[in-house]
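Listed below are the residues making up each chain.
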Amino acid sequence: MSGSDPVAAFRVEAFELLDQIENDLLDLGQDLGNRALVDAVFRGLHTLKGSGSMFGFDALASFTHHCETAFDRVRKGQARATAALVGVILSARDQMRALLDETIAPDEAAQAAILAALQAAVADDGAATTAPAADAANVIEDATRLTFRLAPSAMANGNNPLNLLGELRELGATKVCADLSRLPPLDQLVPGECHIGWTMLLPASVTRDDIEDVFMFVMDDMELTLEELEPASAASEIIAVAETGTAAPSQARTPSAPAAESVRVPAERLDELMNRVGELVIAQSRLAQIAAQGGTINEIALRAVSEDIERLSSELRDTTMVLRMMQVGGLFGRFRRLVHDLAQETGKSIEFSTEGETTEVDKTVIERLADPMVHLIRNSCDHGLETAEQRIANGKAGTGQIMITATQTGGEVIITVADDGRGINRDAVRAKAEAQGLIAPDAVLADQDVLQLIFHPGFSTAAQVTNLSGRGVGMDVVKKTIEGLRGTIRMTSVEGQGTRIMLHLPLTLAIVECMLVRVGSGCYAIPLSAVEECLELPASEAAGGKSRSFLDVRGELIPFLRMREAFATDWPAELHQKIVIVGAGDTRVGLVIDQIIGNAQTVIKPLSRFHAGLGTFSGATILGDGTVALILDVGNLLASAQRQSATRAVGEAA
Amino acid sequence: MNATSFRTAKAIEGRMLTFDIGSEAFAIRADCVREILEVPHVTHVPGAPAFVNALINVRGTVAPLTDLRIAFSLDSAKHNEDTRVIVIEELIHETRETIAILADKVNDVCELDGGQVEQAPAIGTRWRPELIEGIGRKGDRFVIVPDIARIMGEYVS
Amino acid sequence: MTASILAVDDSPSLRMAVRIALSGAGYSVTEAGDGVEGLSKSNAAAFDMIVTDLNMPNMDGLTMIREIRRSSSNASVPIVFLTTESDDGIKQQAKAAGATGWLVKPFEPDQLVRVARKVLGR
């Protein structure tokens with residue numbers, strides 16, 4: 001998180017605030033009489049307005065101000081919270097979100113419509129008129145006599161008369177006299193109260209504004225008179241209270257610059273990080289000391305430092321990784337609104353619940369998880385859940401349930417999207433797959449394989465096309481995204497009872513356990529999660545050439561790729577080449593390599609744009625000896641193996 | 001402006017790092033140079049264009065290693081004790097990239113004679129003129145100022 | 001010695017703005033995220049000034065000001081509250097609670113520094 005850019009910080013905060021407002025509104029929609037929620041929404045709007053105006057989001061501040069004003073009527077009991085009002089403020093919230101994004105032109109018509117609807121929703125015109133600030137900058141003629149006396153409570157409120165006198169002196173006050181006439185006898189004196197008054201002369205150049213500035217915080221309760229000495233025209237007057245707050249011009253900001261990505265980190269995690277760094281610095285100085293000793297190195301001391309540094313670097317790595325972790329609660333919160341809107345669109349009654357919001361996942365995973373989850377939830381709302389009538393006819397509760405949960409087990413997080421709808425009709429899936437030529441009519445498939453057909457590209461089970469389904473992304477895209485996150489999808493479904501889709505995801509994308517292999521002279525890394533087994537390449541296949549590229553592994557034919565050919569290496573081949581079988585889901589491919597070097601924890605470095613387009617590699621990593629190793633993109637290799645076996649099949653058929 | 005020249009001269013501000021590739025001298029702006037390294041372990045990237053088919057580790061950053069020989073069709077030479085890697089930072093299509101450039105020999109940081117370069121002639125050189133910002137002089141040698149962003153930009157996806 | 005100021009606001013960006021403005025002027029700034037935290041920090045250490053928002057979760061600014069005035073450690077510390085112009089009558093309430101002064105949002109960093117100089121006298 002950038003520690004010095006309040007505008008960026010505000011934007012992050014405002015998005016969170018809007019999410020909170022949305023959540024509170026959705027809760028309020030369920031419980032219209034809840035005062036605490038009304039207050040919470042009001043407070044959220046108020047903060048958004050105040051901070052927005054601070055950081056130059058004037059359009060946002062002004063729009064939010066109107067919403068706040070309207071909502072204030074509800075808070076004060078002058079209007080009732082209704083479903084309509086909640087709906088209008090929800091759409092107002094969306095406008096506010098748009099106003100935070102400078103790349104979107106403000107939709108003034110929409111804003112006006114929302115404000116009009118809002119006015120209607122709170123029954124009558126609640127236009128607040130603000131009194132114009134008094135503007136009295138006229139210069140006081142000639143010298144002025146100022147007489148003032150603070151309220152007795154002024155000092156208890158933290159005001160210091162000496163500071164005020166100091167400011168008046170700076171204005172050029174002369175002939176300052178204390179008026180002790182109201183000093184009580186000693187036995188009645190309250191030490192914290194101010195009993196002294198003052199008179200003084202101020203130069204002609206001092207304006208009323210100057211004097212108001214001095215007394216701005218004490219003006220209301222004090223006695224203050226100003227006498228213009230020459231010409232002695234007007235009688236003493238008391239300066240009217242005026243607000244001096246002027247609208248601050250917004251701080252300079254560059255609308256076109258894309259907002260820098262930032263992560264909010266709890267302070268204690270940063271402290272932990274700082275502690276480790278502190279220890280590292282100490283270890284480093286011990287190391288420097290040993291190095292500076294000269295002569296024979298104290299081997300024991302050196303080893304001790306080395307062990308310390310090893311421990312610290314692994315702790316530092318873990319602590320740093322944790323900085324990227326975010327709770328899934330924020331992501332889950334977004335789906336409440338989605339379900340709310342979907343329920344209205346479909347006319348179904350849907351109850352949405354979440355569990356495990358505090359489960360933490362890498363920020364990147366969370367960001368990329370949003371779209372697939374939206375699709376899964378849409379599917380559940382649209383296809384999974386029945387209408388209330390159908391449910392009741394089937395002996396179920398009229399309200400359908402959608403539940404998302406997150407749990408962490410070992411190195412992975414499991415996110416589940418479950419509904420208690422009609423479940424997946426295997427016969428319909430089969431029929432569809434057959435019609436699309438995905439499977440042979442008489443193919444014998446295990447139940448799990450039937451379910452997996454849903455993830456086949458282009459497959460759609462929707463018997464009727466509604467405006468919710470088929471918006472571009474299919475389940476195949478969901479699967480691809482999850483696999484891109486090095487995750488897997490599992491699914492269970494009981495007809496008539498519901499469907500449960502489980503996304504198994506790695507905790508972090510930044511570190512991955514890899515198997516290191518050698519192909520020719522190069523060392524490559526294969527994510528260990530994809531490695532299924534390692535075999536020796538049978539001598540019959542070692543020659544390479546035009547022989548079929550399928551391997552019989554316990555009766556299953558697995559295509560294999562000769563990595564030496566793929567990487568066009570002319571380095572002499574190892575006598576006993578190995579096959580590493582990698583897989584994802586039910587696709588598998590064997591990679592023929594020269595040598596297995598071992599396993600290593602690797603930190604993934606993205607490839608530059610020079611190499612990102614190659615597709616063969618998903619990144620690079622730096623090995624223990626400082627050299628760079630490329631990480632194989634298993635998903636891509638699997639796809640190319642599939643293409644290979646497809647063409648091979650065509651070739652064999654011909 | 002050089003009165004004897006028919007071609008347009010262009011001022012090149014600031015100091016330049018000069019280096020040799022084959023028999024040609026090149027110069028790039030010194031302020032984009034991050035460091036100059038002896039050739040570290042080089043990782044070959046199978047399938048990548050010859051111009052940028054390797055990676056090196058520059059203090060924990062994986063940087064692509066580029067070979068201007070390919071862009072300027074120069075003969076390739078074996079690495080020897082003078083071979084260096086020049087690490088630069090350059091805006092390529094609006095994003096800053098750390099890129100390593102292979103050089104047969106790094107000479108020095110200096111200003112080009114007259115602080116200017118001339119536009120490369122469209123005819124008479126075997127190089128594509130758009131890859132060259134200009135040709136300057138240093139003493140008795142011609143010095144090519146390559147348009148790094150342009151050259152690199154052709155290889156970025 | 002630099003004056004130490006406690007900034008209480010539930011909005012991290014506003015706290016950041018306050019911190020940047022005041023630490024830029026040479027004051028040392030401690031932050032608190034709501035009234036409860038503000039109160040406990042003001043009880044734990046003496047401050048030369050407190051800047052607080054009024055609208056906060058857990059404990060609002062008015063309650064916090066009253067509590068601080070009732071406490072012993074910072075009973076007469078200057079307390080400046082941040083408000084928006086639409087806060088009708090809020091100033092009276094805040095002053096009754098014991099606030100010293102106020103600043104209207106939005107404000108410029110300079111305005112905050114001027115107010116700090118004013119109530120601190122330095």
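If you're wondering where the values come from, they're calculated on a predicted model, not measured in any experiment. (Residues numbered from 1 in each chain as written. Chains lettered and ligands numbered in written order. Predicted model: local features only at pLDDT ≥ 70, side-chain atom pairs only at ≥ 80, totals over all residues. Heavy atoms only, no water.)

Trainee: Looking at this structure, how should I read the overall build of chain B?
Mentor: Summing up its helical and strand segments, chain B has two helices and 13 strands in all. Roughly 8100 Å² of accessible area belongs to chain B as shown, and the carbon and sulfur atoms make up 48% of that amount. (Helix = DSSP H or I, 4+ residues; strand = E, 2+ residues; numbered from the N terminus. Areas by Shrake-Rupley, 256 points an atom, 1.4 Å probe, with all protein chains shown as cover.)

Trainee: Would you take a moment to explain the interface of chain A and chain C for this structure?
Mentor: Bring the parts together and some accessible area is lost; that lost area is often taken as the interface size. Every contact between the two is made by 45 residues of chain A and, on the other side, 41 residues of chain C. In total, about 3300 Å² of surface goes out of reach between chain A and chain C, with carbon and sulfur atoms giving 53% of it. The three residues of chain A that bury the most area against chain C are M54, N157 and F217 of chain A, which together make up 22% of that side's buried surface. For the pair chain A and chain C, the number of links is 11 residue pairs in polar contact (both at pLDDT 80 or more). Those elements giving two or more residues to the side of chain A that touches chain C turn out to be α1 (6-30), α2 (35-54), α3 (58-75), α6 (161-170) and α7 (208-215) of chain A. A per-class count over the side of chain A that touches chain C returns 18 nonpolar, 16 polar and 11 charged. (Contact = heavy atoms within 4.5 Å. Buried area = accessible area lost by both parts, 1.4 Å probe. Polar contact = N/O pair within 3.5 Å; in protein donor to acceptor, adjacent residues only side chain to side chain. Nonpolar A, V, L, I, M, F, W, Y, C, P; charged D, E, K, R; others polar.)

Trainee: Just to check I follow, could you spell out a nonpolar patch on the surface for this structure?
Mentor: Where nonpolar side chains cluster on the molecular surface, the patch consists of L180, L183, L186 and L189 of chain A and spans about 400 Å² of accessible area. Mapping L189 of chain A onto the fold places it in the loop between β2 (174-179) and β3 (197-202). (Patch = residues over 30% accessible without salt bridge, like charges linked within 9 Å, V, L, I, M, F, W, Y side chains within 5 Å. Salt bridge = Lys/Arg side-chain N within 4 Å of Asp/Glu carboxyl O.)

Trainee: So what exactly am I meant to see when it comes to unusual backbone geometry here?
Mentor: Most peptide bonds take the trans configuration, and most residues that are not glycine carry a negative phi. The residue after K105 of chain C, namely P106 of chain C, is reached through a cis peptide bond having omega -5°. Along the chain, P106 of chain C falls in the loop between β5 (101-105) and α5 (109-120). Within the chain, H93 of chain B stands out as a residue other than glycine whose phi angle is a positive 45°. Relative to the helices and strands, H93 of chain B is located in the loop between β8 (84-92) and β9 (95-103). Located in the positive-phi region is N58 of chain C, a residue other than glycine, with phi close to 65°. Within the fold, N58 of chain C resides in the loop between β3 (49-53) and α3 (61-70). A relative accessible area of 66% means that N58 of chain C is categorised as exposed. (Buried < 20%, exposed > 50% of the residue type's maximum accessible area, 1.4 Å probe, protein only.)

Trainee: Explanation requested: the interface of chain A and chain B in the structure shown.
Mentor: Between chain A and chain B, the contact holds 18 residues from the first and 25 residues from the second. The largest per-residue losses of area from chain A upon contact with chain B belong to R609, F610 and V628 of chain A, which jointly make up 46% of the total buried on that side. Salt-bridge contacts for E97 of chain B lead to R609 of chain A; the nearest nitrogen and oxygen are separated by 2.5 Å. Among the elements that make up the side of chain A that touches chain B, the one with the highest residue count is strand β20 (residues 617-622) of chain A (three residues). Counted by class, the side of chain A that touches chain B contains 11 nonpolar, five polar and two charged residues.

Trainee: Any chance you could explain the pairing of strand β12 (residues 511-519) of chain A here in plain terms?
Mentor: Working note: regular strand, side chains alternate between the two faces of the sheet. All names here are of chain A. A large share of β12 lies buried, amounting to eight of its nine residues. Strand direction decides the pairing type here: β12 and strand β19 (residues 595-603), joined by eight bridges, are antiparallel. Among the inter-strand pairings, R518 is bridged to a residue of β19, identified as Q595. Of the strand pairs in this sheet, β12 and strand β13 (residues 522-527) are connected by six bridges, and their pairing is antiparallel. Looking across to β13, one finds that M515 is bridged to I526. In sequence, β12 turns back onto β13 through a hairpin of two residues, with G520 there showing a positive phi of about 60°. (Pairing = 2+ DSSP bridges.)

Trainee: Is there a simple way to think about the confidence of the model for chain B in this case?
Mentor: Reading fine detail from the predicted coordinates is not recommended where pLDDT is low. Residues and elements named next belong to chain B. Here chain B averages 86 in pLDDT, while 92% of its residues score no lower than 70. Mean pLDDT values over the elements of chain B span from 78, in strand β1 (residues 9-11), up to 94, in strand β5 (residues 43-44). Note on residues 1-5: pLDDT is under 50 here. Beyond four places in sequence and across chains, it has four contacts. Across the assembled chains, the prediction reports ipTM 0.89 with pTM 0.49. (pLDDT = per-residue confidence, 0-100.)

Trainee: Explain the packing of α2 of chain A against α3 of chain A to me, please; I cannot follow it from the model alone.
Mentor: Between two packed helices, the angle of one axis relative to the other and the distance separating the axes together describe the packing. Residue and element names in this part refer to chain A. Two elements in contact, α2 and α3, have axes whose closest approach is 8 Å; the angle formed by their N-to-C orientations is 155°. Considering the angle they form, α2 stands roughly antiparallel to α3. In terms of crossing hand, the pair formed by α2 and α3 is left-handed. Across from R35, V38, D39, V41, F42, L45, H46, L48, K49, G52 and S53 in α2, the residues of α3 making contact are D58, L60, A61, T64, H65, C67, E68, F71, D72, V74 and R75. Counted by class, the contact of α2 with α3 contains 10 nonpolar, five polar and seven charged residues. (Axes fitted to C-alpha atoms, helices over the stretch in contact; angles between N-to-C directions. Parallel < 35°, antiparallel > 145°, perpendicular 65-115°, else oblique. Left-handed = near helix turned anticlockwise from the far one by under 90°.)

Trainee: Whenever I open this one, the sheet that holds β5 of chain C confuses me. Can you help?
Mentor: The strands making up a sheet are joined through hydrogen bonds of the backbone, oriented either antiparallel or parallel. All names here are of chain C. Strand order in the open sheet formed by five strands is β2-β1-β3-β4-β5, and the pairing between neighbours is parallel. Two strands in the sheet have a free side with no partner beyond their single neighbour: β2 (28-32) and β5. In this sheet, neighbouring strand axes are inclined to one another by 20° on average, regardless of whether the strands run parallel or antiparallel. Note that β3 and strand β4 (residues 79-84) share four bridges and pair parallel.

Trainee: Help me out: how do you make sense of the packing of α3 of chain A against helix α4 (residues 83-100) of chain A in this one?
Mentor: All names here are of chain A. The interhelical angle for the contact between α3 and α4, taken along N-to-C directions, is 165°, at an axis separation of 10 Å. Viewed along their axes, α3 and α4 adopt a mutual orientation that is roughly antiparallel. The crossing of α3 and α4 is left-handed. Note on element contacts: α4 touches α3 through L85, I89, A92, Q95, M96, L99 and L100, opposite A59, L60, F63, T64, C67, F71 and V74. Taken together, the residues of the contact of α3 with α4 break down into 12 nonpolar, two polar and no charged.

Trainee: Just checking my understanding: could you explain the sheet that holds strand β9 (residues 412-419) of chain A for this structure?
Mentor: All names here are of chain A. Ordered by their spatial adjacency, five strands build an open sheet running β6-β8-β9-β11-β10, and the pairing between neighbours is mixed. Of all strands in the sheet, those with a lone pairing partner are β6 (350-355) and β10 (488-494), marking the two edges. With strand direction ignored, the average angle separating the axes of adjacent strands in the sheet is 15°. With eight bridges joining them, strand β8 (residues 400-409) and β9 adopt antiparallel strand pairing. Residue pairing for β9: I404 is matched across the bridge by V417. Against the sheet, helix α11 (residues 363-384) contacts β6, β8, β9 and β11 (498-506), and its axis sits at roughly 20° relative to β9.

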